[in-house]
Amino acid sequence: MILAGLLIGPAIFSKLNLGGFQGLIHPTEAEMDVLQSFSQVGVVFILFSSGLETDFGELKKSGLAATAIACAGVIVPIALGTIGALCFMGGFGAAADSDKLLNALFVGCILAATSVGITVETLRELGKLSTRVGTTVLSAAIIDDVIGIIALSLLTGLKGGGNIGLTLLKAVGFFVFTVGIGLLLRLLFKWLVKKYPHKRRTSIFAFAMCLIYAYCAEKFFGIAAITGGYMAGLMLSGLADTSFVDRKVIVSGYMIFTPIFFAYIGISADFGSFQLADLGFALVFVLLGVIGKIVGCGGVARLFKFNGRESATIGCGMIARGYQDGWRK
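The structure reproduced in this document is the subject of the present report. (Residues numbered from 1 in each chain as written. Predicted model: local features only at pLDDT ≥ 70, side-chain atom pairs only at ≥ 80, totals over all residues. Heavy atoms only, no water.)

## Some details on the overall build of the protein chain
This is how the line gets drawn: A run of H or I in DSSP becomes a helix once it reaches four residues, and a run of E becomes a strand once it reaches two; helices and strands are each numbered from the N terminus. Only protein chains enter the calculation, and the probe is 1.4 Å; a residue is then buried if its accessible area is under 20% of its type maximum, exposed if over 50%, and partly exposed in between.
Helix and strand content of the protein chain: 14 helices and zero strands. Mapped from its N terminus to its C terminus, the protein chain presents α and β elements in the order α-α-α-α-α-α-α-α-α-α-α-α-α-α. Structurally, the protein chain occupies a C-alpha span of about 70 × 55 × 40 Å along its principal axes. Each of the 329 residues in the protein chain was classed as buried or not, and the buried ones make up 46%.

This is the structure we're talking about:
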């Protein structure tokens, strides 16, 4: 789907001299806004479905490991990215310049991100989402995203552009809000299922809860909408009609929203300002990002008694990159 987006969009062919051919579609800004909105719904549905499918037992077992893995998945890539950036800025001596050091840390911080939507959909299509490793990767990716946003806020705060205290308060407030309100909504959902089992209204209730959580997460707490979608699914997991609702979500997603999310990544790619001289920089940082996740996340997973193959899988599962609106903002 991502490759399809690259092939039909202007990203590749606009740079080639093919008799004026510059791709099959050339979306206007307004059209890109529509695609972006549909893609956001798609990735929210992916995470909502993942929440519905989450096994609370496995989630509890992987909680500590997932948190440690997420922390390593932020710290190690930031360290490697900062070192790499300093090398391109003239060497480690550049760290004496506070502006250059902050810029290097910012570049390193970018490597901390994990695209939860891509990771989750890949695990689902492989049939591994509900396994011990899949649950650990999903939990770690969610935590990684929140920690990464806090780290980014800290850096912008050091440059006078953010408030780390407010960011932390919002992150805590988000989880208090989602769990507190979620328990009440879970009781209401159980009542609806008991009164109207396998009826459309239970699915409508679940979809509404998902979208409200996604909206509140981003609008009021500065947390990615996809995290709100996941928490909504988690609050409704393990109930009588959960699998019924999950089927509705998966079908709705695959009919239009999920393919648009992945295709949009390719369509929105812009290589217009990319120069051949940038290739070395790009390759180095791709390599550092991959090494940082595999060594950081995979190494910590090994400490939590995951075998070598499982540790490598967890490390690879945390590598994914893609378009994420929260990080773009």
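There's plenty left to go through after this.
## Details of the environment of Arg124
Convention followed: Contact criterion: two residues are considered in contact whenever any of their non-hydrogen atoms come within 4.5 Å of each other. The term polar contact refers here to a pair of N or O atoms within 3.5 Å; inside protein, the definition further demands a hydrogen-donor-capable atom paired with an acceptor-capable atom, and it admits residues adjacent in sequence only when both atoms are side-chain atoms.
Along the polypeptide, Arg124 turns up in helix H6 (residues 116-125). A residue is classified by how much of its surface remains accessible, and Arg124, at 18% relative accessible area, is buried. When the C-alpha atoms of Arg124 and Ala104 are compared, they prove to be 35 Å apart, with 20 residues separating the residues in sequence. Residues in contact with Arg124, not counting those within four places in the same chain, are Ile46, Ser49, Ser50, Glu53 and Leu129. Looking at Arg124, its side chain comes within polar contact range of the side chain of Glu53, at 3.5 Å.

## Brief notes about the packing of H6 against helix H11 (residues 242-267)
Going by this rule: To obtain each axis, a line is fitted to C-alpha atoms, and for helices this fit is confined to the stretch in contact; angles are then taken between N-to-C directions over 0 to 180 degrees. Note that the term roughly parallel is reserved for angles under 35 degrees, roughly antiparallel for angles over 145, roughly perpendicular for angles of 65 to 115, and oblique for everything else. Throughout, a crossing is termed right-handed when the near helix is turned clockwise from the far one, and left-handed when it is turned anticlockwise from it by less than a right angle. Each residue is assigned to one class: nonpolar for Ala, Val, Leu, Ile, Met, Phe, Trp, Tyr, Cys and Pro, charged for Asp, Glu, Lys and Arg, and polar for all the others, Gly among them.
Across the interface, H6 lies against H11 with an axial gap of 12 Å and an inter-helix angle of 125°. For the element pair H6 / H11, the angle class is oblique. For the pair H6 and H11, the crossing hand works out as left-handed. Contact residues: H6 offers Gly117, Ile118, Glu121 and Glu125, while H11 offers Tyr254, Thr258, Phe262 and Ile265. For the contact of H6 with H11, the per-class residue count stands at four nonpolar, two polar and two charged.

## Looking at the packing of aromatic side chains
Centre-to-centre distance and the angle between the planes together describe a pair of aromatic rings. Applied cut-off: Planes of paired rings set the category: under 30 degrees apart is stacked, over 60 is edge-to-face and the rest tilted, where pairs are Phe, Tyr or Trp rings (Trp by its six-membered ring) whose centres lie within 6.5 Å.
The tally for this structure, following the rule as stated, stands at 13 aromatic pairs. Note on Phe45 and Phe257: the rings are 5.6 Å apart at their centroids and 80° apart in plane angle, and the pair reads as edge-to-face. Here Phe45, found in helix H3 (residues 29-53), pairs with Phe257, found in helix H11; they are 212 residues apart in sequence, far enough to count as distant. A residue is classified by how much of its surface remains accessible, and Phe45, at 7% relative accessible area, is buried.

## Points about helix H5 (residues 98-110)
Definition in use: One less than the number of residues in a helix, times 1.5 Å, gives the span that helix is expected to have. Taken from the helix axis, the directions to the C-beta atoms give the arc we talk about.
A rise of 1.5 Å per residue sets the reference length of H5, with its 13 residues, at 18 Å; its end C-alpha atoms lie 19 Å apart and thus fit the reference within 8%. Burial in H5 covers these residues: Leu102, Ala104, Gly108 and Cys109. Along the axis of H5, the buried positions cluster into a sector of 160°, meaning they face one direction only. Two or three places before Asp99, at the opening of H5, Asp97 has a side-chain oxygen 3.0 Å from that residue's backbone nitrogen.

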